[in-house]
Amino acid sequence: MAATRRYGIIVLCLTTCMTLHAQNPHKDDVLEGVPSGKTRVIDLSYAINEKLVPWPGDTRWFEAKVNATVEKNGYFTRSFWMLEHYGTHLDAPIHFPPGKMTVDEIPARKLFGPAVVLDARAESAKDADYQVPAARVEAWEKRHGQIPEGAIVLLRTGWASRWPDAQRYRNQDAQGRMHFPGYSVEVAKLLIERKVSGLGCDTMSVDYGASEDFAVHRAVLGAGLYQLENLADMSGLPETGAFLVVAPIKLEGGSGGAVRVFALLP
Ligand SMILES: [Zn+2]
């Protein structure tokens, strides 16, 4: 091979590498782009107040009291009381047997991961008892490749559009049974096999509303994963490509608690 031709190939390789790098910025750039606004941040948590939708049967869910005012004390503080499972919250494994870990014990590295969005809006609009089948995960993997270890899976049913209208969000029948979509147990088991860190949804529960045995809760929490419930509108999320930051309250011994969830979009 002539020296000039070899030189030409090296230059071509370098140029190609540099172009590829510019087109596929390193993942670190996603975080670096946050302050400048280059990376979009979608907040998937609802603001907490007394008007959110509690689980049926709960009689007391949130109270805030002013302790000090600027007028009286020169500064402003409040105290508040709330359920661990209210508004956008995280279920720690200990919430259902045989899960063990409390919310403060979840390893920090499990709270960061690529988002896998399973879209079930069309099916949920037609059938409020819809349970996402394994075929939906298989279809996602056909398009985007196998769900990576450490991913956080989000089920998008469109139910967030009903929030915070308790009647429409819970969708209870005459017997008081709720009707909203959720994960099927077979999907939960498949996602556990894929070693994802957590499962989330834009409804009150990862189990469908009419569930009586909470089979998804038992499987997911029993396997040491966490759950995110009452997530806000996910319509701005792509099926793949967003990165999630999950920041639950570090409540010692807690079965779960309020969580701030951010989706970062490069
Ligand atoms: Zn919960």
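Figured I'd write up the structure that's included with this text.

Cut-offs and rules
In this numbering scheme, every chain counts its residues from 1 along its sequence in written order. Thresholds applied to this predicted model are a pLDDT of at least 70 for local features of residues and 80 or more for the giving and counting of side-chain atom pairs; totals over whole chains, interfaces and linings are not thresholded and use all residues. With hydrogens and water set aside, each side-chain value is computed from the structure's full complement of heavy atoms. Throughout this description, the term salt bridge denotes a Lys or Arg side-chain nitrogen within 4 Å of a carboxyl oxygen of Asp or Glu. Secondary structure elements follow DSSP: runs of H or I of four or more residues count as helices, runs of E of two or more count as strands, with numbering from the N terminus. Any nitrogen, oxygen or sulfur atom within 2.8 Å of a metal ion counts as a donor, with the limit raised to 3.2 Å for Na, K and Ca, and since water is left out, coordination shells can look unfinished. Square planar and octahedral assignments, for four and six donors respectively, both demand that opposite donors be over 155 degrees apart and that all other angles lie between 65 and 115; tetrahedral needs four donors with all angles between 85 and 135 degrees, and anything else is irregular. Accessibility here uses a 1.4 Å probe with only protein chains present; expressed as a share of the type maximum, an area under 20% marks a residue as buried, one over 50% as exposed, and anything in between as partly exposed. Only protein atoms enter the 1 Å grid used here, on which a cavity is any set of points holding a 1.4 Å probe that cannot leave and a pocket is any open set flanked by protein within 12 Å on both sides along at least five of seven lines; residues with an atom within 4 Å of a point are listed as lining. Grid points are joined across faces, edges and corners, and a volume is the space filled by probe spheres set on the points. Basically, the charged four are Asp, Glu, Lys and Arg, the nonpolar ten are Ala, Val, Leu, Ile, Met, Phe, Trp, Tyr, Cys and Pro, and anything else, Gly included, counts as polar. Nonpolar cores are built from buried Ala, Val, Leu, Ile, Met, Phe, Trp, Tyr and Cys residues. Side-chain atoms within 4.5 Å join them into one set. In this analysis, two residues are considered to be in contact whenever any of their non-hydrogen atoms come within 4.5 Å of each other. Each Phe, Tyr or Trp ring, with Trp reduced to its six-membered ring, pairs with another whose centre is within 6.5 Å; inter-plane angles below 30 degrees give stacked pairs, above 60 give edge-to-face pairs, and intermediate values give tilted ones. Criterion for a charge above a ring: Lys NZ or Arg CZ within 6 Å of the ring centre, and within 35 degrees of the ring normal. We define a polar contact as two N or O atoms separated by no more than 3.5 Å, with the added condition that, inside protein, one atom must be a possible hydrogen donor and the other a possible acceptor, whereas residues neighbouring each other in sequence contribute only through side-chain atom pairs. The axes are straight lines fitted to the C-alpha atoms, using for helices just the contacting stretch, and the angles between their N-to-C directions are given from 0 to 180°. Small angles under 35 degrees read as roughly parallel and large ones over 145 as roughly antiparallel, with 65 to 115 read as roughly perpendicular and the rest as oblique.

Here's the deal with the pattern of salt bridges
It is possible for side chains bearing opposite charge to pair when their charged atoms get close. Under the criterion given, the structure shown has 9 salt bridges. The partner of Arg 143 in a salt bridge is Glu 239, and the shortest N-O contact between them spans 2.9 Å. Remark: Glu 239 occurs in the loop between β10 (226–229) and β11 (243–248) and Arg 143 occurs in helix α5 (residues 134–144); sequence separation between them is 96 residues.

A closer look at the coordination of the zinc ion
Donor atoms from the polypeptide that bind the zinc ion are His 85 (ND1), His 89 (NE2), Asp 91 (OD) and Glu 229 (OE), placed at 2.0 to 2.4 Å. Around the zinc ion, the 4 donor atoms are arranged such that angles at the metal cover 78 to 167 degrees; this shape is classified as irregular. All donors of the zinc ion come from a single chain, and their spacing in sequence reads H-x3-H-x1-D-x137-E. For His 89, a relative accessible area of 3% corresponds to the buried category. The exposure class of Asp 91 is buried, given its relative accessible area of 0%.

Let's talk about the layout of surface pockets
There is about 230 Å³ of room inside the second largest pocket. As for the second largest pocket, its lining consists of 17 residues, of which Trp 55, His 85, His 95, Met 204 and Glu 229 are closest to the centre. Each residue belonging to the lining of the second largest pocket can be placed in one class, and the counts come to 7 nonpolar, 7 polar and 3 charged.

Here we look at the nonpolar core
Grouped together as the largest cluster of nonpolar side chains are 24 residues, with contacts concentrated most on Leu 118, Ile 147, Tyr 183, Leu 191 and Val 196. Elements represented by at least two residues in this core include exactly β5 (112–119), α5, β7 (152–156), α7 (185–193), β9 (198–201) and α8 (215–222). Top contributing element to this core by residue count: α7, with 4 residues. Not counting residues up to four positions away in its chain, the partners in contact with Ile 147 are Val 116, Val 137, Trp 140, Glu 141, Leu 191, Arg 194 and Val 196. Counting 23 residues, the second-largest nonpolar core is a separate cluster that includes Ile 42, Met 234, Leu 237 and Leu 265.

Things to note about the packing of aromatic side chains
Taken as a whole, this structure holds 6 aromatic pairs when the rule is applied. Relative to Tyr 169, the ring of Trp 163 has its centre 4.9 Å away and its plane inclined at 80 degrees; by these criteria the two rings are edge-to-face. Owing to a relative accessible area of 12%, Trp 163 belongs among the buried residues under this scheme. The structure contains a cluster of three or more aromatic residues connected by ring pairs, namely Tyr 46, Trp 163 and Tyr 169. Sitting over the face of the ring of Trp 81, Arg 60 holds its NZ or CZ atom 3.7 Å from the ring centroid. Its guanidinium or amino end placed over the ring of Trp 159, Arg 162 lies 3.7 Å from that ring's centre, counting from NZ or CZ.

Remarks on α8
Of the residues making up α8, those classed as buried are Val 216, His 217, Ala 219, Val 220 and Leu 221. Those residues of α8 that are buried are in contact with β4 (89–91), β8 (182–183), α7, β9 and β10.

Quick word on the environment of Trp 140
Take Trp 140: it is sitting in helix α5. Assessed through its relative accessible area of 3%, Trp 140 is described here as buried. With 100 residues separating them along the chain, Trp 140 and Thr 240 place their C-alpha atoms 9.2 Å apart. Residues in contact with Trp 140, not counting those within four places in the same chain, are Val 116, Val 117, Leu 118, Gly 145, Ile 147, Glu 239 and Thr 240. At 3.4 Å, the side chain of Trp 140 and the backbone oxygen of Val 117 are in polar contact.

Quick notes on the packing of α7 against α8
At a closest axis distance of 9 Å, the pairing of α7 and α8 adopts a crossing angle of 10 degrees. One element, α7, and the other, α8, form an angle in the roughly parallel class. Of the residues in α8, those in contact with Val 185, Ala 188 and Ile 192 of α7 are Ala 215, Val 216, Ala 219 and Val 220. Grouping the amino acids of the contact of α7 with α8 by side-chain chemistry returns 7 nonpolar, no polar and no charged.

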